[in-house]
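# Survey of secondary and tertiary structure
Each chain, letter by letter, is given below.
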Amino acid sequence: MGQQGIEEGRGAFVEDAWYIIANARSVGKRPVTIERFGTRIVLFRDGRGALVAARARCPHRGADLGLGRVVDGSIECPYHGFRFSADGRCVAMPCEGRAAVAGGAGAALALTRFEVREHRGLVWLWWGDRPGDGAADRRGDGAAELPPLPWFDSLPPDERHAHTACMEWNVPFARAMEGMLDLHHLPFAHRPWAFGVGALLDPYDVRVEGDVLHAEGVLRRDDGRPWDGRQGWKFVMEVRFPGVIRLSFGGTTLGLAGCAPIDAGRTLIVGRYYMPVPVIGRALAWLGLWLEFRLIQPGDQRMLESTEPRDPDLGGGRCVRADAGILAWHKMRRARLREQRAEAGRRLPLTQA
């Protein structure tokens with residue numbers, strides 16, 4: 001997708017936010033090309049092993065840099081051998097010779113880079129203005145640094161007893177987030193696996209604090225009596241807007257999910273289970289997430305792919321009390337998109353070296 005296409009697609013995605021875009025283990029010695037936000041992005045590691053993210057399109061003739069290799073910490077285009085360092089500079093032009101590079105001939109061939117971080121085994125990308133481009137001045141907060149990664153201190157301190165996996169849904173990002181925030185579909189969309197889970201969502205509480213959405217509820221059988229504090233299947237969810245989620249359910253399972261747009265119609269789901277059990281915790285986390293992705297999530301995906309219209313239109317349905325979390329998230333999204341439209345002069349996170 002070219003620069004013009006990126007600019008045309010801006011309004012579809014929430015900007016100025018961190019997204020989980022990949023499992024860090026997927027980026028090894030060779031570069032990897034992924035598509036996020038309708039843009040082909042190459043991920044590679046420099047000479048120190050640090051992650052680098054850039055437009056996958058070679059500035060020379062457009063070849064996919066992900067098909068190339070990393071040489072001395074620089075990425076080499078597979079088509080003509082042009083090399084680009086971690087800061088985006090063109091450092092080799094074989095057809096022109098060393099003198100041409102030293103003379104500045106490659107200045108116009110700098111890579112378009114993205115702010116990217118590696119944290120807790122995940123790849124995080126900032127989709128928004130970069131520091132020093134005037135965004136802080138427009139906000140009036142004087143900040144020059146990017147916000148911290150939206151992590152959860154309540155998660156285990158490491159990934160010794162965790163497993164991470166990814167899947168793609170053929171649904172828009174907002175639809176995928178609806179599926180993540182939907183609690184009361186469990187006994188129906190997952191009927192074969194939801195043994196003994198009641199259909200009544202009560203109690204259910206949703207609150208928003210800044211860019212954090214909290215949702216907590218209990219699915220139980222409708223016996224006509226108030227909740228006694230014991231029966232039912234309890235869910236606790238915390239969403240760092242727009243798409244990083246911490247969840248616990250059933251009193252035993254703890255998980256993390258990250259959603260990121262692949263393009264306007266597809267979404268990446270990164271899932272992680274934590275099973276803090278000595279010796280076998282990682283194996284249990286692998287098994288739990290394997291079952292989740294093989295048995296549970298396909299049901300969600302099937303329901304969301306069948307939903308009309310394909311793009312969310314809350315006016316086309318009749319939401320109920322149990323949809324409060326979804327409604328709160330959409331309210332946050334509408335506010336952010338209105339802000340983006342009002343600041344039409346803003347740039348995306350695309351900066352040349």
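Right, let's walk through the structure included here.

Scoring rules and cut-offs
- Residues numbered from 1 in each chain as written.
- Predicted model: local features only at pLDDT ≥ 70, side-chain atom pairs only at ≥ 80, totals over all residues.
- Heavy atoms only, no water.
- Patch = residues over 30% accessible without salt bridge, like charges linked within 9 Å, V, L, I, M, F, W, Y side chains within 5 Å.
- Areas by Shrake-Rupley, 256 points an atom, 1.4 Å probe, with all protein chains shown as cover.
- Salt bridge = Lys/Arg side-chain N within 4 Å of Asp/Glu carboxyl O.
- Lys, Arg positive; Asp, Glu negative; His and termini not counted.
- Charge placed at Lys NZ, Arg CZ, Asp CG, Glu CD.
- Helix = DSSP H or I, 4+ residues; strand = E, 2+ residues; numbered from the N terminus.
- Expected span 1.5 Å × (residues − 1).
- Contact = heavy atoms within 4.5 Å.
- Phe/Tyr/Trp six-rings, centres within 6.5 Å; stacked < 30°, edge-to-face > 60°.
- Buried < 20%, exposed > 50% of the residue type's maximum accessible area, 1.4 Å probe, protein only.
- Pairing = 2+ DSSP bridges.
- Axes fitted to C-alpha atoms, helices over the stretch in contact; angles between N-to-C directions.
- Polar contact = N/O pair within 3.5 Å; in protein donor to acceptor, adjacent residues only side chain to side chain.
- Core = buried A, V, L, I, M, F, W, Y, C linked by side-chain atoms within 4.5 Å.
- Left-handed = near helix turned anticlockwise from the far one by under 90°.

Moving on, we come to a positive patch on the surface. Together, K331, R334, R338 and R341 make up a region of like positive charge exposed at the surface. Positionally, R341 belongs in helix α7 (residues 324-342).

This part covers α7. With 19 residues, α7 extends 27 Å from end C-alpha to end C-alpha; this agrees with the ideal 27 Å at 1.5 Å per step. Its buried side turned inward, α7 meets β1 (17-23), α4 (173-181), β13 (200-209), β14 (212-220) and β15 (233-240).

A few words now on the packing of aromatic side chains. According to the stated counting rule, one finds 12 aromatic pairs in the structure shown. Relative to F173, the ring of Y19 lies with its centre 6.0 Å away and its plane at 65°, an arrangement referred to as edge-to-face. Of this pair, Y19 sits in strand β1 while F173 sits in helix α4, and the two are 154 residues apart along the sequence. We note that Y19, like F173, is buried. One aromatic cluster is present, built from ring pairs that chain together F13, Y19, F37, F114, W127, F173, F241 and W329.

Let us look at the sheet that holds strand β10 (residues 116-119). As summarised here, the arrangement of the 3 strands in space is β1-β11-β10, forming an open sheet in which the pairing is antiparallel. Edge positions in the sheet fall to β1 and β10, since each has one partner strand and no second. Each neighbouring strand pair of the sheet contributes to a mean axis angle of 30°, computed without reference to strand direction. Looking at chain direction, β1 and strand β11 (residues 122-127) are connected through 6 bridges and run antiparallel. Paired with I20 across the bridge in β11 is W124.

Turning next to the environment of D313. By the element assignment, D313 lies in the loop between α6 (281-306) and α7. Along the primary structure D313 and R175 are separated by 138 residues, whereas in three dimensions their C-alpha atoms are 9.7 Å apart.

What follows concerns the environment of A86. Mapped onto the fold, A86 is located in the loop between β7 (83-84) and β8 (90-92). Apart from the residues within four sequence positions on either side, A86 is in contact with F44, D46, V52, G73 and R113.

A few words now on unusual backbone geometry. Residue P242 is bonded to the preceding F241 through a cis peptide linkage, with omega at 5°. Looking along the chain, the bond that leaves E308 and enters P309 is cis, with omega of -10°. Among the structural elements, P309 can be located in the loop between α6 and α7. Despite not being glycine, D16 shows a phi value in the positive range, around 55°.

A few words on a nonpolar patch on the surface. On the surface, W193, F195, W286, L287, W290, L291 and L295 cluster together into a nonpolar patch covering about 720 Å² of accessible area. Position of W286 among the secondary structure elements: in helix α6. Classification of W286 as partly exposed rests on a relative accessible area of 43%.

Let's shift gears to the side chain of E159. If you trace the backbone, E159 turns up in the loop between α3 (135-139) and β12 (162-169). A polar atom in the side chain of E159 sits 3.4 Å from the side chain of R272. Once you skip the residues sitting within four places of it in the chain, E159 turns out to touch R120, W151, R272, Y274 and R282.

What follows deals with the pairing of strand β4 (residues 51-55). Burial within β4 is extensive, with 5 of its 5 residues counted as buried. Here β4 runs beside strand β9 (residues 112-114); their pairing, made up of 2 bridges, is antiparallel. Looking at β9, one finds that A53 is bridged to F114.

So, about the nonpolar core. Grouped together as the largest cluster of nonpolar side chains are 60 residues, with contacts concentrated most on Y19, I21, L43 and W329. With 6 residues, the top contributor of residues to this core is α4. Other than its neighbours up to four places away in sequence, I21 contacts I34, R36, L43, V123, L125, A260 and L268.

A separate point is the packing of α4 against α7. Across the interface, α4 lies against α7 with an axial gap of 9 Å and an inter-helix angle of 145°. When you trace α4 past α7, the crossing you get is right-handed. Along its contact with α4, which presents F173, A174, M177, E178 and L181, the element α7 presents G325, I326, W329, H330 and R333.

The final tally for this structure, using the stated rule, is 22 salt bridges. Across the pair R45 and E118 runs a salt bridge, and its minimum N-O distance is 2.9 Å. In this pair, R45 is assigned in strand β3 (residues 39-45) and E118 in strand β10, connecting sequence segments 73 residues apart. Residue class for R45 comes out buried when judged on its relative accessible area of 18%. A salt bridge links E159 to R120; the shortest N-O distance between them is 2.7 Å. Of this pair, E159 sits in the loop between α3 and β12 while R120 sits in the loop between β10 and β11, and the two are 39 residues apart along the sequence.

Such coordinate-based values are descriptive only and should not be taken to indicate function.
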